[in-house]
Amino acid sequence: MDLKQHINKNKLPRHVALIMDGNGRWAKQRGQERIFGHENGIEAVRDTVKAAAEIGIKYLTFFAFSTENWCRPLREVETLMDLLTRAIVNETPELNENGVRLQAIGDLESLPLNCREILREAMELTAKNDKLIVTVALSYSARWEIVNAVQKIAQKVADRIISPDAIDETTFINALETAKIPDPDLLIRTSGELRVSNFMLWQIAYTELYFTPVYWPDFRRRHLYQAIVDFQRRERRFGNVETHPVNTKNA
Ligand code: IPE
Ligand code: IPE
Ligand code: MG
């Protein structure tokens, strides 16, 4: 079955987010070190970005490294940072040619200096592109992001820029890392784990969740298409009742 043909182009998720999980287990299955799995995860990212651009997805977000992942063995962390830096160097020219904008969310200050520099250059180079916005979550966790947002808002209150009772959802959204990115419509997690592991807790309030047993290094465009076809079969109600027009009085 050609899954791509089953995708309704008029009902595409605007923003697809991915928790790329299972690299270590993929490597272990092959009698290799975990790092082998991370290396092989890059091709999965490449194929996913290409596929998303082809069908017209606007925002794609990859959870690449969490705040908690810093606790992993030093060698794994260092290799991951190295892989990430090299991947950005290697992939940015092609991303740029294809009109892809690269951006990052998370505690970027905590990344190694060379990685931060490479990332900054890639973001600057692609800043004017708008065909597809690819966001990489690095040293990111939702709780970190939320605490950070609270600090920013508290500072504005202390400086008398805003008053506490003027704080609303928009104030909060604007203080998040994702201020300029719409909430994900679809969140995909690979590797069979049924959890969100501190990812975009605020933003996924009404996101459709999709879990696949496929380990990240095996993830390819057909898996993305499968998730989108599944997404398009669902009815999103946002707390309303099916097909009932939004009550403008309450909207
Ligand atoms: C995902 O794969 C990559 C990162 C979290 C950086 P894992 O490294 O978590 O692989 P598993 O889940 O242990 O198999
Ligand atoms: C989530 O995967 C983080 C990333 C994919 C970057 P983890 O492997 O770190 O999550 P847990 O430990 O299984 O919850
Ligand atoms: Mg994992």
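As the structure is a prediction and not an experimental result, all values here were calculated from the model.

Asks: Run through helix α5 (residues 142–158), naming residues and quoting values.
Replies: Taking 1.5 Å per residue as the helical rise, α5 with its 17 residues ought to reach 24 Å, and the 24 Å between its terminal C-alpha atoms agrees with that figure. Buried within α5 are the following residues: Ala142, Glu145, Ala149 and Ile153. On an axial view of α5, the arc spanned by its buried residues comes to 65°, and they lie on one face. Exposed residues lying more than 90 degrees from the buried face of α5 are Arg143, Gln151 and Ala158. Where α5 is buried, its residues meet β4 (132–140) and α6 (169–175).

Asks: Lay out the sheet that holds strand β1 (residues 15–19) with the relevant residues and their values.
Replies: The sheet built from six strands is open, its strands ordered β3-β4-β2-β1-β5-β6 with parallel pairing. Two strands close off the open sheet at either side, each with one partner strand: β3 (100–105) and β6 (208–211). Each adjacent strand pair in this sheet contributes to an overall mean axis angle of 20°, direction not counted. Its contacts with the sheet place helix α4 (residues 113–126) against β3 and β4, and it is angled at close to 140° to β3.

Asks: Now, about the site of ligand 1: what can you tell me, with residues and values included?
Replies: As a matter of local geometry, ligand 1 sits amid Met20, Asp21, Gly22, Asn23, Gly24, Arg25, Arg34, His38, Ala64, Asn69, Arg72 and Leu80. Residue Gly24 places a main-chain N or O atom 2.9 Å away from an oxygen atom belonging to ligand 1. Arg25 is positioned with one of its backbone polar atoms (N or O) 2.8 Å from an oxygen atom of ligand 1. Isolated, ligand 1 exposes 380 Å² of accessible area, and the fraction of that covered by the protein chains is 87%. Structurally, ligand 1 is housed in the largest pocket. Contributions of two or more residues to the shell around ligand 1 are made by α1 (23–29) and α2 (34–55). With three residues, the single largest contributor to the shell around ligand 1 is α1.

Asks: Give me the packing of aromatic side chains: which residues, what numbers.
Replies: Considering all chains together, one arrives at nine aromatic pairs under this definition. Pairing Phe63 with Tyr140 gives two aromatic rings, centres 5.9 Å apart and planes at 85°, and the pair type is edge-to-face. Here the residue Phe63 occupies a position in strand β2 (residues 59–66), and Tyr140 occupies one in strand β4, the gap between them amounting to 77 residues. The pair formed by Phe63 and Tyr140 is uniform in burial state, with each residue classed as buried. Taken together, the aromatic side chains of Phe62, Trp216 and Phe219 make up a single cluster linked through ring pairs. The ring centre of Trp26 lies 3.9 Å from the NZ or CZ of Arg30, which sits over that ring.

Asks: Run through the nonpolar core, naming residues and quoting values.
Replies: Judged by nonpolar contacts, the single largest core of 46 residues is most densely connected at Leu60 and Ile188. Non-local contacts of Ile188, meaning those with residues more than four positions away in its chain, are made with Val16, Ala17, Leu18, Ile19, Tyr210, Thr212, Phe219, Leu224 and Ala227. Ala17, Ile19, Tyr140 and Phe199 belong to the second largest nonpolar core, which has 14 residues in total.

Asks: Can you tell me about the site of ligand 2, naming the residues and giving the values?
Replies: For ligand 2, the full set of nearby residues is Ile19, Met20, Asp21, Phe63, Ala64, Phe65, Ser66, Asn69, Arg72, Arg189, Arg195 and Ser197. Within the side chain of Arg195, an N or O atom sits 2.8 Å from an oxygen atom of ligand 2. Here ligand 2, which alone exposes 390 Å², has 78% of that area covered by the protein. In this structure, ligand 2 is accommodated by the largest pocket. A per-element tally of the shell around ligand 2 places β2 first, with four residues. Across the shell around ligand 2, the residue classes tally to five nonpolar, three polar and four charged.

The rules behind each value
Here the residue numbering is sequential within each chain, running from 1 through the sequence in written order. Whichever chain is written first becomes A and whichever ligand is written first becomes 1, with later ones labelled in order. Local features in a predicted model are, by the rule used here, given only for residues with pLDDT of at least 70; side-chain atom pairs are given and counted only at 80 or more, and totals for whole chains, interfaces and linings are based on all residues. Note that the side-chain values use all heavy atoms of the structure and ignore hydrogens as well as water. Each helix corresponds to a stretch of at least 4 residues labelled H or I by DSSP, and each strand to a stretch of at least 2 residues labelled E; elements are numbered beginning at the N terminus. Every helix has an expected span of 1.5 Å times one less than the residues it contains. Exposure is judged per residue with a 1.4 Å probe applied to protein chains only, and the accessible area is read against the type maximum: over 50% gives exposed, under 20% gives buried, and values in between give partly exposed. Arc, as used here, means the arc of the directions from the helix axis to the C-beta atoms. It only takes one pair of heavy atoms within 4.5 Å for two residues to be counted as in contact. Two strands are counted as paired when DSSP detects at least two bridges linking them. Helix axes use the C-alpha atoms of the stretch in contact, all axes being lines fitted to C-alpha atoms, and the angles between their N-to-C directions lie in the range 0 to 180 degrees. Nearness here has a simple test: a residue counts as near a molecule or strand if at least one of its heavy atoms is within 4 Å of that partner. Counted as a polar contact is a pair of N or O atoms within 3.5 Å, where, for protein atoms, one must be capable of donating a hydrogen and the other of accepting one, and residues adjacent in sequence contribute only when both atoms are in side chains. With residues, only the protein chains shown are counted as cover, and all accessible areas are computed by Shrake-Rupley using a 1.4 Å probe. Throughout, the protein atoms alone are placed on a 1 Å grid, and a set of points is a cavity if a 1.4 Å probe fits but cannot get out or a pocket if it is open with protein on both sides within 12 Å along at least five of seven lines; lining residues have an atom within 4 Å of a point. Occupancy of a cavity or pocket is assigned to a molecule whenever over half of its atoms lie within 2 Å of that pocket's grid points. Note on aromatic contacts: the rings of Phe and Tyr and the six-membered ring of Trp form a pair at centre separations within 6.5 Å, being stacked when their planes are under 30 degrees apart, edge-to-face when over 60 apart, and tilted otherwise. Only Lys NZ and Arg CZ are tested; either one counts as a charge over a ring when it is within 6 Å of the ring centre and within 35 degrees of the ring normal. Throughout, nonpolar core names a set of buried Ala, Val, Leu, Ile, Met, Phe, Trp, Tyr and Cys residues whose side chains join them through atoms within 4.5 Å. Under the grouping applied here, Gly and all other residues not named as nonpolar or charged are polar, the nonpolar ones being Ala, Val, Leu, Ile, Met, Phe, Trp, Tyr, Cys and Pro and the charged ones Asp, Glu, Lys and Arg.

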